[in-house]
Amino acid sequence: MPDPTDPAFPIEHVRAVGDDVVAAVSTVVDGKVDAIRTALMVMLAEGHLLVEDVPGVGKTVLAKALGASVGGSVNRIQFTSDMLPSDVTGVNIYDQSSGTFRFSPGPVFANVVIGDEINRTSPKTQSALLEAMAESQVTVDGVTRQLESPFMIVATQNPIDMEGTYPLPEAQRDRFMARIAMGYPSADAERNMLAHRGVRDPLSSLRPIVDVGTLRAVVHAVRAVHVAPDVEAYIVAIVRATRSHPDLVLGASPRATLHLAQAARAHAALAGRPFVTPDDVARLAPVVLAHRLVPVARGLGGSGDDTAREIVVRIVSDTAVPFTAAPVHS
């Protein structure tokens, strides 16, 4: 493999790294290749992931395995109703021996931060993540500190048990690049889990596929993936259509436009292509946009999550597809 510090890190090696990471994580998370690839795509696109599903389907294991496979540091935050913002970001502690304050970093200082059951903590503590998610930094007592690079938050929440929870406000949901649901495993995957999990924990034997330096090079290569002007117009058209749709109270933000383009670059790179196609955008639009939307059904007291996804799918099908995708070289 070429030097990861080379700014011209070949796109075919990005695909190779991605395939190796997916294969490694698949030994821990049975039968969920699509969820694993989406999580890796979000990491390479420098975004954050929201995983909503019922308990026990591997949400936390997915995040731990992803962090372990890329050799990065992983911290886990178990959110509870009595947590304070300083429990996330860190706090200044008075050192009696030196007569000065020293900063004790919180669990947000890691490459992969797992926020378990983020909707079980108060909005005040939830908001402690906003600066970290938007700017990869935290400010404590007026001092701003940069977070590690790469930096990714994988937040989980249970959409069924709502007792004692604080639903994420739209402003915070908008900071997550994508939302996925793990779903129950297939019968074969569940039998495989029974056959192997009783003997050993596969997570304990997972070894890094790449180091953090190589991962930074892969991220740099993803940034360079070409998005043709016609494809940019296609992205904008899809996002803008959500803002005028009669079944939506709130459409997607400009941040969603940026996230969809970034995710499409990572999706293309993982496929071994140095350019984004309209198909990349169409495939990712429901995953990147649906969780940001507020359907009329939710405003009337119903559950609008499935409706939002269906609306995005319809918008994509109704939006004219450009024919120019690859860069044209003279």
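Everything below is about the structure printed above this text.
Residues numbered from 1 in each chain as written. Predicted model: local features only at pLDDT ≥ 70, side-chain atom pairs only at ≥ 80, totals over all residues. Heavy atoms only, no water.

## Examining the overall build of the protein
Move 1: Within the protein, the secondary structure is distributed over 14 helices and eleven strands.
Move 2: For the protein, the spread of C-alpha atoms along the principal axes amounts to about 70 × 55 × 50 Å.
Move 3: Within the protein, the fraction of its 330 residues that count as buried is 48%.
Move 4: Sequence separation of at least 24 residues holds for 77% of the intrachain contacts in the protein that already meet a minimum separation of 6.
Move 5: For the protein, the accessible surface area stands at approximately 15300 Å², while carbon and sulfur atoms represent 54% of it.
Move 6: Each charge class in the protein was averaged separately, 29 positive and 36 negative side chains, and the resulting centres sit 0 Å apart. (Helix = DSSP H or I, 4+ residues; strand = E, 2+ residues; numbered from the N terminus. Buried < 20%, exposed > 50% of the residue type's maximum accessible area, 1.4 Å probe, protein only. Contact = heavy atoms within 4.5 Å. Areas by Shrake-Rupley, 256 points an atom, 1.4 Å probe, with all protein chains shown as cover. Lys, Arg positive; Asp, Glu negative; His and termini not counted. Charge placed at Lys NZ, Arg CZ, Asp CG, Glu CD.)

## So, helix H1 (residues 11-26)
Move 1: With 16 residues, H1 should reach 22 Å at 1.5 Å per residue; the first-to-last C-alpha distance of 23 Å fits that figure.
Move 2: Looking at H1, one finds that the buried residues are Ile11, Val14, Val17, Gly18, Val21, Val22, Ala24 and Val25. With its buried residues spanning 160° around the axis, H1 presents them on a single face.
Move 3: Close packing links the buried residues of H1 with helix H2 (33-44), helix H3 (59-69), helix H9 (212-223) and helix H11 (254-270). (Expected span 1.5 Å × (residues − 1). Arc of directions from axis to C-beta.)

## Focus: the pattern of salt bridges
Move 1: Tallied over the full model, the rule gives twelve salt bridges.
Move 2: The residue Arg179 makes a salt bridge to Glu52 at a minimum N-O spacing of 3.3 Å. Taken together, the residues span a long stretch of sequence, with Arg179 in strand S9 (residues 178-180) and Glu52 in strand S1 (residues 49-52) at a distance of 127 residues.
Move 3: When its relative accessible area of 14% is taken as the criterion, Arg179 is described as buried. (Salt bridge = Lys/Arg side-chain N within 4 Å of Asp/Glu carboxyl O.)

## Details of the packing of aromatic side chains
Move 1: The tally for this structure, following the rule as stated, stands at two aromatic pairs.
Move 2: A ring pair is formed by Tyr94 and Phe101, whose centres lie 5.2 Å apart and whose planes are at 65°; its orientation type is edge-to-face.
Move 3: Note on Phe101: relative accessible area 59%, which makes it exposed.
Move 4: Both rings, one in Phe103 and one in Phe109, keep their centres 5.8 Å apart while their planes meet at 70°; by these two values the pair is edge-to-face.
Move 5: Between Arg145 and the ring centre of Phe103, over which it is positioned, the NZ or CZ distance is 3.8 Å.
Move 6: Between the NZ or CZ atom of Arg273 and the centre of the ring of Phe275, over which it lies, the distance is 5.9 Å. (Phe/Tyr/Trp six-rings, centres within 6.5 Å; stacked < 30°, edge-to-face > 60°. Lys NZ or Arg CZ within 6 Å of the ring centre and 35° of its normal.)

## Some details on unusual backbone geometry
Move 1: The peptide bond linking Ser149 to Pro150 adopts the cis configuration, its omega dihedral lying at -5°.
Move 2: Residue placement: Pro150 occurs in the loop between strand S7 (143-146) and strand S8 (152-157).
Move 3: One non-glycine residue, Glu46, adopts positive backbone phi at about 60°.
Move 4: Within the element layout of this structure, Glu46 appears in the loop between H2 and S1.
Move 5: For Glu46, a relative accessible area of 39% puts it in the partly exposed group.
Move 6: Positive phi outside glycine occurs at Glu117, with the angle close to 50°.

## Focus: the environment of Pro55
Move 1: Of note, Pro55 is situated in the loop between S1 and H3.
Move 2: Taking relative accessible area as the criterion, Pro55 reaches 58% and is therefore assigned exposed.
Move 3: For the pair formed by Pro55 and Leu130, sequence separation is 75 residues and the distance between their alpha carbons is 25 Å.

## Digging into the sheet that holds S9
Move 1: Taken in spatial order, the five strands of this open sheet run S2-S5-S8-S1-S9, and their pairing is parallel. What marks the edges here is a single partner per strand, and that holds for strand S2 (74-78) and S9. Within this sheet the neighbouring strands show an average axis-to-axis angle of 20°, counted without direction.
Move 2: Sheet topology places S1 next to S8; four bridges connect them, and they run parallel. Opposite Val51, over in S8, you have Thr156 as the bridge partner. (Pairing = 2+ DSSP bridges. Axes fitted to C-alpha atoms, helices over the stretch in contact; angles between N-to-C directions.)

## Some details on the environment of Ala134
Move 1: Relative to the assigned elements, Ala134 resides in helix H6 (residues 130-135).
Move 2: In this structure the C-alpha to C-alpha distance between Ala134 and Gly47, which are 87 residues apart in sequence, comes to 9.1 Å.

## Considerations on H11
Move 1: Here H11 spans 25 Å end to end across 17 residues, near enough to the 24 Å set by a 1.5 Å rise per residue.
Move 2: Residues of H11 that are buried: Ala256, Thr257, His259, Leu260, Ala261, Ala263, Ala264, Ala266, Ala268, Ala269 and Leu270.
Move 3: Considering only its buried residues, H11 is in contact with H1, H2, H9, helix H10 (229-243) and helix H12 (278-289).
Move 4: Positioned one or two residues after H11, Gly272 has a phi angle of 85°, which is positive.

## A few points about the side chain of His291
Move 1: Among the structural elements, His291 can be located in the loop between H12 and strand S11 (294-295).
Move 2: Excluding residues that lie within four positions of it along the chain, His291 makes contacts with Arg173, Phe176, Met177, Ala178 and Arg179.

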